[in-house]
Amino acid sequence: NIKFSVPQASDVRISIYNMLGQEVRTLFAGQMDRGTRVVEWNGLDSGGRQLSSGTYVYRMTAGSFVESHKMLLLK
């Protein structure tokens, strides 16, 4: 689960990347109102295939705000 807050309405994008920097899935892309949200990632890539256990990076952009964090996927 990825929990985040949006201080004002803006375009938000949350994407998952492997350690090679390749985007494997976009969890959310669109307009979001102000508030706190939780987005769940089930470990699947954009084609619906289960990804292997390991370290991934999620990146959130909202307007001019950009932040990335590592996360560990365990099966």
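About the thresholds
- Residues numbered from 1 in each chain as written.
- Predicted model: local features only at pLDDT ≥ 70, side-chain atom pairs only at ≥ 80, totals over all residues.
- Heavy atoms only, no water.
- Pairing = 2+ DSSP bridges.
- Helix = DSSP H or I, 4+ residues; strand = E, 2+ residues; numbered from the N terminus.
- Core = buried A, V, L, I, M, F, W, Y, C linked by side-chain atoms within 4.5 Å.
- Buried < 20%, exposed > 50% of the residue type's maximum accessible area, 1.4 Å probe, protein only.
- Contact = heavy atoms within 4.5 Å.
- Salt bridge = Lys/Arg side-chain N within 4 Å of Asp/Glu carboxyl O.

### Overview of the pairing of strand S3 (residues 23–32)
Argument step 1. Taken together, the eight bridges between strand S2 (residues 10–17) and S3 define a ladder with antiparallel strand orientation. Within the sheet, the bridge partner assigned to Tyr17 lies in S3 and is Glu23.
Argument step 2. The hairpin formed by S2 and S3 contains five residues between the paired strands, and Gly21 there has a positive phi angle of roughly 85 degrees.

### Here's the deal with the nonpolar core
Argument step 1. Counting 18 residues, the largest nonpolar core has Phe4, Val12, Ile14, Ile16 and Trp41 as its most contacted members.
Argument step 2. Elements with a contribution of two residues or more to this core: strand S1 (2–6), S2, S3, strand S5 (54–62) and strand S6 (65–73).
Argument step 3. Looking at this core element by element, the count peaks at four residues for S5.
Argument step 4. When near neighbours in sequence (up to four residues on either side) are disregarded, Trp41 contacts Ile16, Arg25, Leu27, Leu51, Tyr56, Met71 and Leu73.

### Overview of the pattern of salt bridges
Argument step 1. Going through the model one piece at a time under the given rule, you end up with two salt bridges.
Argument step 2. Between Glu23 and Arg13 there is a salt bridge, and its shortest N-O distance comes to 3.3 Å. Of this pair, Glu23 sits in strand S3 while Arg13 sits in strand S2, placing them ten residues apart in sequence.
Argument step 3. Classification of Arg13 as partly exposed rests on a relative accessible area of 35%.

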